[in-house]
Amino acid sequence: QVYNWARRGPFNVGGRTRALAIDVADLTERTILAGGVSGGMWKSTNLGSSWTKTTGLSDLHSVTSLIQDTRAGKTDTWYYGTGEFTGNSARGGGSDADYLGDGIFKSTDGGDTWTQLSETFSGTPQTFESLFDFVWNIGIDPSNSAQDEIYAAVFGSIKRSVDGGATWSDVLGGSEPWSPYTDVAISSSGVVYAVLSSDGISKGIWRSVDGTTWTDITPAGWPTTYKRIVMDIAPSNENIVYFLAETPGGGRNDHSLWKYTDNGAGSGTWEDRSTFLPADGGEIGNFDSQRSYNLIIKVKPDDENTVFIGGTSLYRSTDGFASSSNTAWVGGYSPDNVNLFTTYPSHHPDQHSLVFYPLTPNWMLSGNDGGVMLTIDNTASGNGNVIWIPLNKGYFTTQFYSIAIEHTDPGATGRNIIIGGMQDNGTYITTLAFESVNWLNVFGGDGSISAVADGRKHYYVSSQNGTVFRFTLSDLGTTIEWTQVDPEGGDGYLFINPFLLDPNNTDRMYLAGGEFIWRNSDLTAIDTRVQEKTTVNWTKISESQVVGESITALGMGKTPENRLYYGTANGKVYRLDNADSAGSTKNNMTSTVFPIGAYVSCIAVDRENSDNILVVFSNYEVPSLFFSSDGGVTWTDVSGDLEQNPDGSGDGPSTRWAVIHSGTGGPTVYFVGTSIGLYSTLKLDSTSTVWVQEGASSIGNVVVDMIDNRASDGLVVVATHGTGVFSSAILTSVNDEREPGTPARFSLRQNYPNPFNPVTTIGFNIQVSGPVSMYVFNALGQRVRTLIINENKSPGNHRVIFNGRNDSGVTLPSGIYFYQLVAGDFTDMKKMMIIK
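Along its length, the protein carries one helix and 62 strands. A compact globule built from 836 residues should have a C-alpha radius of gyration of about 28 Å, and the protein, at 27 Å, falls within 12% of that. For the C-alpha atoms alone, the extent of the protein along its principal axes is close to 80 × 75 × 45 Å. Expressed as a percentage of its 836 residues, the buried residues of the protein come to 62%. Intrachain contacts of the protein at a sequence separation of at least 6 include 54% that bridge at least 24 residues. Roughly 28,900 Å² of accessible area belongs to the protein as shown, and the carbon and sulfur atoms make up 47% of that amount. The average position of the 54 basic charges and that of the 87 acidic charges among the side chains of the protein differ by 3 Å.

Right, dumping it as structure tokens:
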């Protein structure tokens, strides 16, 4: 860690939660485990009053499914799966920057620590090459006391293990053509049900009593096309199983609900209950899974007829949806405004998980795009009468798309103000520099790009697909005035659509719109409290057009004035000179050294010198960072050790954002946000650039979507897409007398990749010259390898390659190892994992 990073929240907002469970070993029912889809696994032992993150900071933070082994003597064993196939907002721009999962993690200490199951691990985040890259669900056979029998519903397959996840075999599917959507459920007596979508060779609904021999029980009349199917076995009568599916062109409003009653002999009867799925009309009144993104069904443990289903909203039926008269709207969007996107009190749309309390089944937890909520009476009658209590305080799993601060000297009042947009949680603001304070909501929808005008005269916020509003906020963050400002006639917007304020005149905005850039010469002239698009002061800059392309990034500095850089989804970079006037001139600054067709996710411009530009490409397996010091005339690849190989191939991360942080006379710091955390360097040295991970003990291995900075007080804020916001004061002043490339302190970095096979890279930073040693120890504390012994190292960033062998050259077995750095009085140790 080079600089110190403090968590800034938001303390009161949770993020998308697909994994959720209550620890049955805690008879007080106060222990909850929950997982953010890009925020890691969390645990609460006090009914959600506070949370502790249990995913290791250097581990993959994807969590999509979770299960506890409930057998006697086994309740300390848990498993969670990774990889979100549908609705993955943590991915980068373009078609090949997915945020993939990487297998299954296991805990044997009640979910306090986790270890990756080696056979499910591939270690190739840049490539989908393992079915374990997407884990839909995990099941355990509680009836098998002799073996640890586990099932995993993964992409294209149902997999089975009888040794606690050490080895796996395909028992359904597992070959092309694939079924992307799968699910598995197991009764207490060991009857296994599995479903695979209609794309695959083993499509349909299946039943097995031994996990290896399967019977197709897909009913006659089941729709021909079906995507995701979810199911639940009624705990009070395990012969009853409910199946809920997205069935395009079939069922009711493209969804189907069926009840199966097993006869105990491998067959049974089916009832189509699709007719009674909620269909109240309007924009949000019909049951909707958003193309299988949010889909859940759960049966109340003490009543086989009380069934909850979730899509965008949450519904309860007390007759198993045998009619519409016994159905209540109990969460998600508000049932009182079916044509408006208002939310159910203290709840949130987009349902992903639902858990009943084992001993008190009227209590229930709900996991959705807004985190975790609790009700202590899920039986309350009528629409809107179930009361929810958010359990999100300290559950730092929010997925930020954007972050913004004021760029002038803000004074004591404004220096702590941060505003940013989150996935499906809108835009929030904080005015205090503490992690345990509530942020205030400013705007709804999917929170997109934000910006702050000089002096905080106005705040500009946006939601998905290019809707932009101007807000006047008090210094406490409360709303004074608002109005919509995006242009009438604008189109071609991205889901998270870029805009920026001119740093020389923050009343002027540049907005990307498909092939064009729009310019507003004076946003303050737009009337307040108008919720519609406007023509006031907007000009569609015809000179900016990029035919057949989409503009994905904008960048602008202060000097020279009126110079606007922009990039496209097809790897092009342009410079628009005199962007403020009708005499704009477009220059194609695309270089032959750029990766062909890659996605430009960011153009970082030095605010004080617009000749200095850092272009970011978000694709995997391409050189990702290019620098120009002459306004884009010439370019240098500065990806350095962020790439495994000089040509960009290999396991380098997806890069998302960059800033050029200039100080007051000291060295410039370059920050880059990636799919595996935040990195920095003080020296751009072509392909030899050494990028140091920032916040290894605070931010960790999470997606960083955006960074913003301020020169006057050195503030740098970091928006992660999974664990909220962090900040640091980076004072690059004349007091910083280091040579460029010299770290501020000693530090030992987490090895990468981790786990690894056969080699990994270990980085470390040396502040002053002196002897350095590095050792590797096994889990018993025995030294197995000496990597460095009393070598004199100069100040700077260093790295060593470890090939997984001991001092005798013998390959070390799979397992946990520790590496230690000793440099003068400094010593540090970190954990790594070898997988064979």
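Grouped together as the largest cluster of nonpolar side chains are 31 residues, with contacts concentrated most on L244, I297, V307, I309 and W388. Residues within four places of I297 in sequence aside, it is in contact with V230, M231, D232, Y242, L244, L257, V307, F308 and I309. One finds A451, L501, L511 and W538 within the second-largest nonpolar core, a separate group that totals 28 residues.

Whether parallel or antiparallel, the strands of a sheet pair through hydrogen bonds between backbone atoms. As summarised here, the arrangement of the three strands in space is β56-β57-β60, forming an open sheet in which the pairing is antiparallel. Each of the sheet's edge strands pairs with one partner strand only, and the pair in question is β56 (747-748) and β60 (796-802). Note: β56 against strand β57 (residues 760-766), two bridges, orientation antiparallel. Each bridged residue has a counterpart across the sheet, and for S747 the counterpart in β57 is N765.

The next point concerns the sheet that holds strand β26 (residues 351-356). Strand order in this open sheet of four strands is β26-β27-β28-β29, and the pairing throughout is antiparallel. Each of the sheet's edge strands pairs with one partner strand only, and the pair in question is β26 and β29 (389-390). The pairing of β26 with strand β27 (residues 364-368) spans five bridges and is antiparallel. Across the sheet, the residue bridging to S353 is G367, located in β27.

Quick notes on the rules
Residues numbered from 1 in each chain as written. Predicted model: local features only at pLDDT ≥ 70, side-chain atom pairs only at ≥ 80, totals over all residues. Heavy atoms only, no water. Helix = DSSP H or I, 4+ residues; strand = E, 2+ residues; numbered from the N terminus. Rg over C-alpha atoms; globule rule 2.2 N^0.38 Å. Buried < 20%, exposed > 50% of the residue type's maximum accessible area, 1.4 Å probe, protein only. Contact = heavy atoms within 4.5 Å. Areas by Shrake-Rupley, 256 points an atom, 1.4 Å probe, with all protein chains shown as cover. Lys, Arg positive; Asp, Glu negative; His and termini not counted. Charge placed at Lys NZ, Arg CZ, Asp CG, Glu CD. Core = buried A, V, L, I, M, F, W, Y, C linked by side-chain atoms within 4.5 Å. Pairing = 2+ DSSP bridges.

All we've got here are geometric facts, nothing functional implied.
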